[in-house]
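Overview (structure and organization)
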Amino acid sequence: MDGREHAVRKHRGRIVGIAIVAAASLALSGCQLVASELSNPGDAASAIEIVAPPNRSQLAGLAAIPVDIRLGDAAPGTLHVELHRNDVFTDPLDITGHFAVAAGHATATLTPDDLGTGFGMLTATARTAAGTEVVANIAYSREPDIDTSAADSCEFLGQSHCQLPFPSDHFTVADATTDTGRRVAFTADTFPANALGTAFDPTEWNRNDGFSPGSAIVVHVPGIDLAASGAAPITDIESSLGDDSAFVLIDADTGERWPHFVELDSWATSDATRAVVIRPARNFREGHRIVIGVRHLVDTGGEPIAPSRAFRVYRDELPTFIPAVETRRPAMRDAIDVLRAAGVDRPTLTLAWDFTVASQRNLSERLLHMRDDAYAQIDQGVPAFTVTNVQENVNSRIQRRVTGTFAVPLYLTGAGAPGERLTAGPDGLPVRNGTYQANFVCNVPKSVWNGSGAATPGRAVVYGHGLLGAATEANSFGTLIDNHGIVLCGTDWIGMSTNDVGNVANILFDLSNFPSLPDRLQQAHLNFQFLARLMKRADGFSTHPAFQAAPAEPLIATGAVFYNGNSQGGILGGAATAISTEWTRAVLGVPAMNFSTLLTRSTHWDTFSPVLFTSYPDEIDRTVGYSLIQMLWDRGEANGYAWHLTDDPLPGTPAHQVMLLAAFGDHQVANIATETEARTMGASVYQPALADGRKPDVEPFWDIPAITTNPFTGSVLVMWDYGTPPPPLGNLPPRSPEYGADPHGKGGAEPRVAQQVSDFLRIDGFFGDVCLGLPCTSNV
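Quick summary incoming for the structure in this document. (Residues numbered from 1 in each chain as written. Predicted model: local features only at pLDDT ≥ 70, side-chain atom pairs only at ≥ 80, totals over all residues. Heavy atoms only, no water.)

Details of the state of the cysteines
This model, assessed by the stated rule, comprises three disulfides. The disulfide bridge from Cys-442 ends at Cys-489, spanning 2.0 Å between sulfur atoms. With the S-S dihedral at roughly 115°, the linkage between Cys-442 and Cys-489 falls on the right-handed side. Taken together, the positions of Cys-442 in strand E21 (residues 435-445) and Cys-489 in strand E23 (residues 486-490) put the pair 47 residues apart, joining distant regions of the chain. Across this residue pair, the class does not change: Cys-442 and Cys-489 are buried. (Disulfide = S-S within 2.5 Å. Helix = DSSP H or I, 4+ residues; strand = E, 2+ residues; numbered from the N terminus. Buried < 20%, exposed > 50% of the residue type's maximum accessible area, 1.4 Å probe, protein only.)

Structure (structure tokens):
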């Protein structure tokens, strides 16, 4: 090659290089005009044309890559071919020597090592016989580390499991008929089969238009050091809103940063199977889109944790020519832009994605429809009921115990037995399928019985029982109801009652059976409304001699009814209260919401977990499974209704006032879930809630305002301290003896707790400070 030829080629290469670098800069800046759009392979009329590989090819999975350049009018001796590869658009690789020329074509076979990894361009330059410079180039990518073969069922952002990160809008499709414009679209392969090989059935999940408002967000980052990375711990929720928080949650509808805490799954046996779980400290807003950014992560050795290639191609705007990746690119670009607008530097991101929260209508419409339809079925009257037994002089506190059944429109299949499902009409809403005979037990205290033929009617209170219990738990409160003049009636929480234990076991064997649990719970919520109406209305229970001291001497004060539930009755009672048109005041004892948070923090899980762990041995699958079932549990427990539990009521529903009575260090119902409920429903907290130093948080009860008056007439959280040690900071139960005696049921023996319940459950109810300005402590 003479000096002139060398200079021309150098000049040509400089021009081509400038064009490629400019294209790359456009791509990396996020411009819509990406480098691949500046490629020009030529065509049959061109002086030079790159015939193979095709422009915009994905070349992963090939052991040999044939290249064919048609020379046309170009002089073979002037051909120069180079590769810009590995996402680097300087220092090209000269591969001219690979080519052989024959019959007007220059051909070569390249290897994966020649092509490199990532985005690249192959450029051919030459001169025609007339001395005209000609250039052809193609864009390609080679992404062996991005697997989209299961993209219809699985995420592909480089996580270790099909479902991760979870939740994700990748598992949704557009649907103009829903309130969110999205619809969940799991497949049978999204969640694994159980140990017996029974495939996951996503049918019921795919009726959702988004994910749980209390979604536990799950990712897998082996070896991560959460503290060194700057993740917000459970003891410092406010730090999740800081500029240096490792995990950033943004409500894309409002731009608001969302408070949360981050933890490692303490049940996992190794880092290889230990999920990272991000839990909202206040439920996400219904129908909103949440964007998650993960940044500046380091491992336990202090080394940075690199992003996956599958995420980098989005973060760095690198074309891949993989259809699934490119189809998703606009949504990923938008998610990253939301984070950038919130002050998150794009290059710092290790992972980002988004998900949509289920709408208010999708969460509540089934139960609200059942409620309204059922009342219409009885023409706004009272249910029919039958008294089956009356027991007199039960004990020193209870004068009369009445048991029986009452009729409720049935919306379950069959006879409504455990395992049955809601029936569905053409519009997807439940339709009546006969009548359900719900049980009841009522206790009338001696204090409302003034002697033969006389009574001082007692306040009507509906009672919700504890975990997998029964209506007969209402028989246990003789002292409370006698001292405070209360008639207490309960019914089974069907779906989570003693009779449902067998179905719960079936669910633990196969999570596809889970929909039966919240379906039956929704029937239970309706049953509770009908029981309340029988107590409240003068033409209800009070018309029967069993509820009279004598003719025209009713034992129940009609006109108002209240709700009191403990433990499970406090959790499910939040949902029953949110949809109730019968009562407007409720006391939820040792309550919380969101079973996906509660399960692994409860000592009860030690009993139930072995069955699930045998059925689903993969520890990360189990962690995702908790979030998966929460999507449906929301229909039957407080988590799906918490935004509307107090002063933002659901359609056709009055506002409510609610007292949350918690026990510090509760072994069965985690305090953190109670506090999250309080933040979401807008409750205030009695202060001083605990003595200084009792709670290890930087700011105990962060973002829950203190009550402003005494007495206080709004919704309130009260934390009772029975001397139990603080609970573990991870998702583990506070087991005895290490964590002392369980305070869960101790409120029943504390007279001041009873006084608070009695004060609150009145037409003119209030919270009164029975602790005299000090933390509420007790030695019972």
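Things to note about the packing of aromatic side chains
If you walk through the whole model with that rule in mind, you get 28 aromatic pairs. Ring centres of Phe-440 and Phe-547 lie 6.4 Å apart, and the angle between their planes is 40°; on these two criteria the pair is classed as tilted. Here Phe-440 is found in strand E21, whereas its partner Phe-547 is found in the loop between helix H9 (516-536) and strand E24 (548-550), with 107 residues between them in sequence. Consider the rings of Tyr-686 and Phe-767, whose centres lie 5.6 Å apart with planes at 55°: the pair is tilted. Linking Tyr-686 in the loop between strand E29 (684-685) and strand E30 (716-720) with Phe-767 in the segment after helix H15 (751-760), this pair joins segments that are 81 residues apart in sequence. When sorted by exposure, Tyr-686 lands in the same class as Phe-767, which is buried. One aromatic cluster is present, built from ring pairs that chain together Phe-166, Phe-171, Phe-186, Phe-211, Trp-258, Phe-284 and Phe-355. Positioned above the aromatic ring of Phe-701 is the side chain of Lys-695, whose terminal nitrogen or guanidinium carbon lies 5.2 Å from the ring centre. (Phe/Tyr/Trp six-rings, centres within 6.5 Å; stacked < 30°, edge-to-face > 60°. Lys NZ or Arg CZ within 6 Å of the ring centre and 35° of its normal.)

Focus on the environment of Ile-571
Within the secondary structure, Ile-571 sits in helix H10 (residues 568-578). Ile-571 sits 103 residues away from Thr-674 along the chain, and the two C-alpha atoms are 9.3 Å apart. Each residue touching Ile-571, except ones within four places of it in the same chain, is listed here: Ala-592, Met-593, Phe-595, Leu-598, Glu-637, Ala-638 and Val-669. (Contact = heavy atoms within 4.5 Å.)

Some details on the side chain of Asp-354
Here Asp-354 shows up in strand E18 (residues 349-356). Polar contacts involving the side chain of Asp-354 include one to the side chain of Arg-289, which spans 2.6 Å. For Asp-354, the residues in contact, after removing those within four places along its chain, are Pro-167, Ser-168, Asp-169, Arg-289, Ile-290, Val-291 and Ile-292. (Polar contact = N/O pair within 3.5 Å; in protein donor to acceptor, adjacent residues only side chain to side chain.)

Some details on unusual backbone geometry
A cis amide bond links Ala-52 to the next residue, Pro-53, at an omega of -5°. Within the secondary structure, Pro-53 sits in the loop between strand E1 (49-52) and strand E2 (57-58). The linkage connecting Phe-166 with the following residue, Pro-167, adopts the cis geometry, with an omega of -5°. Relative to the assigned elements, Pro-167 resides in the loop between strand E9 (133-142) and strand E10 (172-174). The phi angle at Asn-594 is positive, at roughly 75°, despite the residue not being glycine. By the secondary structure assignment, Asn-594 is in the loop between strand E27 (585-589) and helix H11 (595-598).

Focus on the sheet that holds E27
The strand order across the open sheet built from 10 strands is E19-E20-E21-E23-E22-E26-E27-E28-E30-E29, with neighbouring strands paired in mixed fashion. Sheet topology places strand E19 (385-392) and E29 at the edges, where each strand pairs with a single neighbour. (Pairing = 2+ DSSP bridges.)

Examining the packing of helix H6 (residues 360-377) against H9
Contact geometry of H6 with H9 gives a least axis separation of 10 Å together with a crossing angle of 40°. Taken together, the axes of H6 and H9 lie oblique to each other. In terms of crossing hand, the pair formed by H6 and H9 is right-handed. Between H6 and H9, the contacting residues are Arg-366, Leu-367, Met-370, Arg-371, Ala-374 and Tyr-375 on the first element and Gln-522, Gln-523, His-525, Leu-526, Gln-529, Phe-530 and Arg-533 on the second. (Axes fitted to C-alpha atoms, helices over the stretch in contact; angles between N-to-C directions. Parallel < 35°, antiparallel > 145°, perpendicular 65-115°, else oblique. Left-handed = near helix turned anticlockwise from the far one by under 90°.)

Re the sheet that holds strand E16 (residues 276-280)
Taken together, the three strands give an open sheet; going across it, the order is E12-E16-E15, and neighbouring strands pair in antiparallel fashion. With one partner strand each, in any of the chains shown, strand E12 (217-219) and strand E15 (260-264) form the two edges of the open sheet. When the angles between neighbouring strand axes are averaged without regard to direction, this sheet yields 20°. When E12 meets E16, the two strands line up antiparallel, connected through three bridges. Across the sheet, residue Val-219 finds its bridge partner in E16, namely Val-276.

Thoughts on H6
Look at H6: 25 Å from first C-alpha to last across 18 residues, which is about the 26 Å you get at 1.5 Å a residue. Along H6, the sharpest kink reaches roughly 35°, centred on Arg-366. Within the span of H6, buried status applies to Asn-362, Leu-363, Ser-364, Arg-366, Leu-367, Leu-368, Met-370, Arg-371, Ala-374 and Tyr-375. Of the surrounding elements, those touching the buried residues of H6 are strand E20 (398-409) and H9. The positive-phi residue at the C-terminal boundary of H6 is Asp-379, with phi of around 55°. (Expected span 1.5 Å × (residues − 1). Bend = angle between axes of the 7 residues up to and from the residue.)

Quick word on the pattern of salt bridges
Using the criterion set out here, one finds 38 salt bridges in the structure. Arg-328 serves as the salt-bridge partner of Glu-155, at 2.7 Å between the closest nitrogen and oxygen. Taken together, the positions of Glu-155 in the loop between E9 and E10 and Arg-328 in helix H5 (residues 323-341) put the pair 173 residues apart, joining distant regions of the chain. On the basis of relative accessibility, which here comes to 8%, the residue Glu-155 falls in the buried class. For Arg-315, the salt bridge is made with Asp-316, and the minimal N-O distance between the two is 2.9 Å. For the pair Arg-315 and Asp-316, one class covers both residues: buried. (Salt bridge = Lys/Arg side-chain N within 4 Å of Asp/Glu carboxyl O.)

A word on the packing of helix H8 (residues 501-509) against helix H12 (residues 605-615)
Two elements in contact, H8 and H12, have axes separated by 7 Å at closest approach and are oriented at 40°. Considered as vectors, H8 and H12 are oriented oblique to each other. Residues Val-504, Ala-505, Leu-508 and Phe-509 of H8 form the contact with H12, whose participating residues are Trp-605, Phe-608, Val-611, Leu-612 and Ser-615.

Overview of the environment of Ile-507
Mapped onto the elements of the fold, Ile-507 is located in helix H8. Note on Ile-507: relative accessible area 6%, which makes it buried. With 178 residues separating them in the primary sequence, Ile-507 and Val-685 have C-alpha atoms 37 Å apart. Beyond its immediate stretch of four places on either side in the chain, Ile-507 contacts Asn-513, Phe-514, Ser-516 and Leu-517.

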